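Read off the chains here:
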Amino acid sequence: MTALFEIAEPGNGRIKEACQTAAVGIDLGTTNSLVAIVLGDGRPQAVSIDEGSTLLPSVVHYGASGEPGSVIVGRAARRLAAQFPSDTIVSVKRFMGRGSADPETLRLSPYKFASGDSGSVVRFEVARGRKVNPVEVSAEILRALRSRAEERLGIKIQQAVITVPAYFDDAQRQATKEAGRLAGIEVLRLLNEPTAAALAYGLDKKSFGTFAVYDLGGGTFDISILKLVEGVFEVKAVGGDSALGGDDFDRALATLLLGHAARDPRSVRIAIDEAKAGKERLTTEAQTQVLGRTLTRAQLEEVIRPLIERTGPACRRALKDAGLTTNNKLDGVILVGGSTRVPAVRAFVRELFGLEPLADIDPDEVVALGAAVQADLLTSDSPQHDVLLLDVAPLSLGLETMGGLAEKLVQRNTTIPTNATQEFTTFADGQTGMDIHVVQGERELVQDCRSLARFTLGGIPPLPAGLARVAVTFQVDADGILSVTAREQLTGVSQSITVKPSHGLTDDEIERMLLSSIENAEADVQARMLIDNRVEAQRILKATETQLDANGDLLSNQERSTIEAGMADLRARMALTDHHAIKDAIDRLDHDSAEFAKRVMDRGIDRALKGRSVGEFEGEVGAHAAKAYSAHVEQTTLYEDK
Ligand code: ADP
Ligand code: MG
């Protein structure tokens with residue numbers, strides 16, 4: 001949207017200058033980036049910014065040629081890529097929020113990485129020994145988008161809505177925001193790409209519906225399921241493949257054309273470029289010439305069919321995650337990304353979803369157009385201003401609990417923004433601190449999840465185990481950024497952090513984590529039960545021991561030896577890996593000590609009634625009572641203060 005600001009000269013009140021500022025939508029893509037804006041007519045349009053095109057290739061060249069320190073962005077940079085591969089960064093989006101320690105990073109590219117880095121951020125070593133990180137490279141793209149659009153439109157651009165893939169995690173979102181800030185842009189909101197596409201189609205104006213967004217770009221494939229309820233969007237599920245796109249079509253076609261002839265890297269590069277151009281022509285033509293050979297659309301389709309089919313499983317899984325099947329309840333499929341122009345891709349989508357896909361809006365521009373619509377909504381006073389756009393958390397978020405278990409507070413695919421609070425208690429008597437370890441992933445054991453952050457809540461009043469109450473709240477904001485707060489309920493002491501992990505996850509890793517959680521589900525549950533039971537056994541043994549010492553006189557010798565035998569049995573069984581065996585012993589000991597616990601409690605109450613201190617009374621709550629309490633608070637396990 002554009003707003004007119006009139007700047008009055010102090011003193012004479014005369015209008016000195018009129019200056020327009022604008023908020024735009026930016027699609028910061030892996031292959032191409034765009035800027036779009038809503039102008040006076042209320043309709044979004046993409047701005048022409050690179051050699052007459054609305055697409056700016058997301059390529060940044062660092063001055064090996066030209067002025068020292070000069071930076072070239074877009075088509076001109078792309079032309080330099082073959083000659084200066086390590087000084088020309090393509091697909092920087094793949095590195096956003098990624099640590100150099102990530103093995104994926106090294107696998108990815110022809111670049112030189114700066115050595116001696118801490119591991120928290122990747123840095124590319126480019127011309128003249130200059131070192132740049134992915135945020136800085138992205139900022140160059142954003143700066144180019146901004147200045148070229150400003151020049152073209154004759155207005156100042158200060159604010160933007162920038163789109164990100166729905167699966168982007170916290171670190172990747174933070175990195176994108178930072179790039180915006182570095183480019184001098186106020187980032188109004190990070191918007192998920194599929195949600196932007198739905199906005200461009202005006203789907204938010206309907207009252208309800210469920211839509212799939214099928215996005216096949218140059219190097220990535222993303223599928224998202226959006227649900228609209230009375231104008232409110234939710235992303236119900238996301239999926240995809242971070243290494244699948246039009247570039248693979250080009251390579252497959254080049255391989256066909258080159259055959260198994262000896263090839264040098266230069267001829268391969270030329271063949272790929274030719275294949276790409278030929279592929280694009282075959283979208284509208286039945287046949288074309290590539291490298292002196294006639295190529296038909298049917299030949300292209302045969303080569304790329306297996307690649308297109310690879311998008312199927314992710315689509316089916318997303319539908320399933322969203323509670324749908326291929327033939328029920330989907331109201332539309334939106335096509336996004338340059339590669340969805342390929343007729344065979346459209347045919348595949350049509351067949352997979354049993355629907356004619358929506359493709360009226362240019363699939364290259366649709367995300368940027370939607371972002372422009374959102375920027376307009378956020379900066380205008382229109383009644384639609386508070387349109388709620390809801391997204392999902394791509395992976396579950398949770399805490400480490402006693403025994404190395406992951407307790408999930410926010411389930412994967414939960415709509416965000418979201419809040420979740422759970423109460424925890426202390427494990428040891430007099431414990432005054434709790435170690436809060438925030439993890440991400442689907443697995444039951446912390447060692448199989450990703451560690452996001454740790455902090456310690458101190459100042460817990462020293463109480464018997466199980467009595468302190470600490471409420472831990474996870475808050476995921478609309479941009480997908482997580483804050484964790486731990487608050488001790490009695491004293492109100494609290495501690496919180498915003499999670500800024502040093503490196504993020506790729507959708508590949510997300511995929512891997514999901515797959516492994518499915519494969520390991522059964523083993524994980526067994527492992528969890530075993531740990532749960534061992535922790536519970538330890539707790540009941542300790543509590544029973546304490547009571548035997550303090551109130552052993554309440555038992556006959558017979559009763560005492562029954563309880564002691566039960567304890568010995570439980571201790572022996574704790575070494576077993578059969579969680580049922582441990583549970584049985586716990587239940588038996590619990591049963592055998594029930595009468596004892598009752599007598600201890602009666603004595604406590606008697607003493608309390610006789611005016612003895614509450615403190616002493618609390619110290620005497622029996623094993624049985626403590627267990628009842630722990631069942632009541634649901635979770636009784638955190639850390640011993642070390
Ligand atoms: P990204 O989202 O990764 O930035 P885009 O959505 O811009 O990528 O898609 C780029 C891909 O689209 C490239 O592989 C390009 O060859 C392909 N593409 C663009 N136009 C056409 C066309 N007319 N026919 C077939 N493929 C096309
Ligand atoms: Mg894209």
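Analysis parameters
- Residues numbered from 1 in each chain as written.
- Chains lettered and ligands numbered in written order.
- Predicted model: local features only at pLDDT ≥ 70, side-chain atom pairs only at ≥ 80, totals over all residues.
- Heavy atoms only, no water.
- Helix = DSSP H or I, 4+ residues; strand = E, 2+ residues; numbered from the N terminus.
- Areas by Shrake-Rupley, 256 points an atom, 1.4 Å probe, with all protein chains shown as cover.
- 1 Å grid on protein atoms, 1.4 Å probe; cavity = no way out; pocket = protein on both sides within 12 Å on 5 of 7 lines; lining within 4 Å.
- Points joined across faces, edges and corners; volume = space filled by probe spheres on them.
- Nonpolar A, V, L, I, M, F, W, Y, C, P; charged D, E, K, R; others polar.
- Domains from an automatic or database assignment.
- Salt bridge = Lys/Arg side-chain N within 4 Å of Asp/Glu carboxyl O.
- Buried < 20%, exposed > 50% of the residue type's maximum accessible area, 1.4 Å probe, protein only.
- Near = heavy atom within 4 Å.
- Polar contact = N/O pair within 3.5 Å; in protein donor to acceptor, adjacent residues only side chain to side chain.
- Sits in = over half its atoms within 2 Å of the grid points.
- Axes fitted to C-alpha atoms, helices over the stretch in contact; angles between N-to-C directions.
- Parallel < 35°, antiparallel > 145°, perpendicular 65-115°, else oblique.
- Contact = heavy atoms within 4.5 Å.
- Core = buried A, V, L, I, M, F, W, Y, C linked by side-chain atoms within 4.5 Å.
- Left-handed = near helix turned anticlockwise from the far one by under 90°.
- Pairing = 2+ DSSP bridges.
- Phe/Tyr/Trp six-rings, centres within 6.5 Å; stacked < 30°, edge-to-face > 60°.
- pLDDT = per-residue confidence, 0-100.

**As for the overall build of the chain**
Consideration 1: Of the regular secondary structure elements, the chain holds 18 helices and 28 strands.
Consideration 2: Here the chain displays about 28,200 Å² of accessible surface, and carbon together with sulfur accounts for 50% of that area.

**Thoughts on the layout of surface pockets**
Consideration 1: By volume, the second largest pocket is sized at about 740 Å³.
Consideration 2: Along the walls of the second largest pocket sit 35 residues, with Asn 32, Leu 55, Gly 218, Gly 338 and Asp 364 positioned nearest its centre.
Consideration 3: Of all the elements, helix α7 (residues 265–281) adds the most residues to the lining of the second largest pocket, at three residues.
Consideration 4: For the lining of the second largest pocket, a count of residues per class yields nine nonpolar, 13 polar and 13 charged.
Consideration 5: For the lining of the second largest pocket, the domains that each give at least three residues are domain 1 (21–206 + 361–385) and domain 2 (246–308).

**Regarding the pattern of salt bridges**
Consideration 1: Per the counting criterion, the structure on display carries 24 salt bridges.
Consideration 2: Its salt-bridge partner being Arg 143, residue Glu 140 comes within 3.2 Å of it at the nearest N-O pair. Note that Glu 140 and Arg 143 are positioned in helix α3 (residues 134–153) at a spacing of three residues, about one turn of the helix.
Consideration 3: Glu 140 gets classed as buried once you look at its relative accessible area, which sits at 14%.
Consideration 4: Of the residues examined, Arg 143 reaches a relative accessible area of 33% and is grouped as partly exposed.
Consideration 5: Across the salt bridge formed by Glu 150 and Lys 156, the nearest N and O atoms sit 3.8 Å from each other.
Consideration 6: Among the ionic contacts, a cluster of salt bridges with common partners joins Asp 50, Arg 75 and Arg 148.

**Let's talk about the site of ligand 1**
Consideration 1: Around ligand 1, the surrounding shell holds 18 residues, and the nearest of these are Thr 31, Asn 32, Lys 279, Glu 280 and Thr 283.
Consideration 2: Within the backbone of Gly 338, an N or O atom sits 2.9 Å from an oxygen atom of ligand 1.
Consideration 3: In this structure, an oxygen atom belonging to ligand 1 sits 3.2 Å away from a main-chain N or O atom of Ser 339.
Consideration 4: Burial of ligand 1 by the protein chains amounts to 87% of its free accessible area of 580 Å².
Consideration 5: In this structure, ligand 1 is accommodated by the second largest pocket.
Consideration 6: Elements with a contribution of two residues or more to the shell around ligand 1: α6 (246–258) and α7.
Consideration 7: The element best represented in the shell around ligand 1 is α7, accounting for three residues.
Consideration 8: Among the residues making up the shell around ligand 1, the classes are represented as one nonpolar, 11 polar and six charged.

**Remarks on the packing of helix α5 (residues 193–200) against helix α11 (residues 366–379)**
Consideration 1: One way to put it is that α5 packs onto α11 with a least axis distance of 7 Å and a crossing angle of 80°. If you check the angle between α5 and α11, you find them roughly perpendicular. Only Val 366, Val 367, Leu 369, Gly 370, Ala 371 and Gln 374 of α11 make contact with α5, whose side of the interface consists of Glu 193, Ala 196, Ala 197, Leu 199 and Ala 200.
Consideration 2: Residue composition of the contact of α5 with α11, grouped by class: eight nonpolar, two polar and one charged.

**Points about unusual backbone geometry**
Consideration 1: Of note, Ser 91 is a non-glycine position whose phi angle comes to about 50°, a positive value.
Consideration 2: Tracing the backbone through its elements, the reader meets Ser 91 in the loop between β8 (88–90) and α2 (103–107).
Consideration 3: Phi is positive for Arg 128, close to 60°, though the residue is something other than glycine.

**Thoughts on the nonpolar core**
Generally speaking, a soluble globular protein has its nonpolar side chains buried in company with each other.
Consideration 1: Among the nonpolar cores identified, the biggest contains 42 residues, and Ile 26, Phe 124 and Leu 142 are the most heavily contacted of them.
Consideration 2: Residue assignment for this core shows that the elements contributing at least two residues are β2 (15–27), β3 (32–38), β6 (59–62), α3, β11 (156–164), α4 (170–182) and β12 (186–192).
Consideration 3: Sequence-distant contacts of Phe 124, that is, excluding residues within four places in its chain, are made with Ile 89, Val 92, Phe 95, Tyr 111, Lys 112, Phe 113, Arg 130, Lys 131, Val 132, Asn 133, Pro 134 and Val 137.
Consideration 4: One finds Phe 249, Ala 254, Cys 315 and Leu 330 within the second-largest nonpolar core, a separate group that totals 37 residues.

**Concerning the packing of helix α9 (residues 312–321) against helix α10 (residues 343–353)**
Consideration 1: Contact geometry of α9 with α10 gives a least axis separation of 11 Å together with a crossing angle of 35°. Where α9 crosses over α10, the two elements pack in a sense that is right-handed. Along its contact with α9, which presents Gly 312, Cys 315, Arg 316 and Leu 319, the element α10 presents Phe 348, Leu 352 and Phe 353.
Consideration 2: When the residues that make up the contact of α9 with α10 are grouped by side-chain class, the tally is five nonpolar, one polar and one charged.

**Description of the pairing of strand β16 (residues 287–290)**
Consideration 1: Going residue by residue along β16, you find Thr 288 and Val 290 tucked away on one face and Gln 287 and Gln 289 left uncovered on the opposite face.
Consideration 2: Bridge analysis of β16 against strand β17 (residues 293–296) gives four bridges, and the strand direction is antiparallel. From the neighbouring strand, Gln 287 faces β17, where its bridge partner is Thr 296.

**Observations concerning the packing of aromatic side chains**
Consideration 1: Counted according to the given criterion, the structure contains two aromatic pairs.
Consideration 2: Ring geometry for Tyr 214 versus Phe 221: centroids 4.9 Å apart, planes at 55°, classification tilted.

**Regarding the sheet that holds strand β7 (residues 71–73)**
Within a sheet, neighbouring strands are paired by backbone hydrogen bonds and run either parallel or antiparallel to one another.
Consideration 1: Strand order in the open sheet formed by three strands is β7-β6-β8, with antiparallel pairing between adjacent strands. The sheet is open, and its two edges are formed by β7 and β8, each paired on a single side. On average, each strand axis in the sheet is inclined to that of its neighbour by 15°, with strand direction left out of account.
Consideration 2: Judged from the three bridges that link them, β6 and β7 form a sheet pairing that is antiparallel.

**Some words on α5**
Consideration 1: Taking burial as the measure, the eight residues of α5 include eight buried ones, the bulk of the element.
Consideration 2: Among all positions of α5, only Glu 193, Pro 194, Thr 195, Ala 196, Ala 197, Ala 198, Leu 199 and Ala 200 are buried.
Consideration 3: Positive backbone phi, at 70°, marks Gly 202, one or two positions downstream of α5.

**Regarding the confidence of the model for the chain**
Consideration 1: On average, the chain scores 80 in pLDDT, and the residues at 70 or more come to 80%.
Consideration 2: Low pLDDT (under 50) marks residues 1–19, which in the prediction has 33 contacts with non-local residues, meaning those over four places away or in another chain.

**Structural notes on the sheet that holds strand β23 (residues 418–424)**
Consideration 1: In space, the four strands of this open sheet follow the order β23-β26-β27-β28, with antiparallel pairing throughout. The sheet is open, and its two edges are formed by β23 and β28 (494–498), each paired on a single side. Neighbour-to-neighbour, the strand axes of this sheet turn through a mean angle of 15°, independent of strand direction.
Consideration 2: Note that strand β27 (residues 482–488) and β28 share five bridges and pair antiparallel. Residue pairing across strands places Val 484 opposite Ile 497, the latter belonging to β28.

**So, the pairing of strand β20 (residues 397–401)**
Looking down a regular strand, the side chains alternate between one sheet face and the other.
Consideration 1: Burial analysis of β20 places five of its five residues in the buried class, the great majority of the element.
Consideration 2: Alignment of β20 against strand β21 (residues 405–410), held across five bridges, turns out to be antiparallel. Within the sheet, the bridge partner assigned to Leu 397 lies in β21 and is Val 410.
Consideration 3: Between β20 and β21, which pair antiparallel one after the other, the connecting turn spans three residues, and Gly 403 there sits at a positive phi close to 85°.
Consideration 4: Two elements, β20 and strand β24 (residues 434–440), share three bridges in a ladder whose sense is antiparallel. Residue pairing for β24: Leu 399 is matched across the bridge by Val 438.

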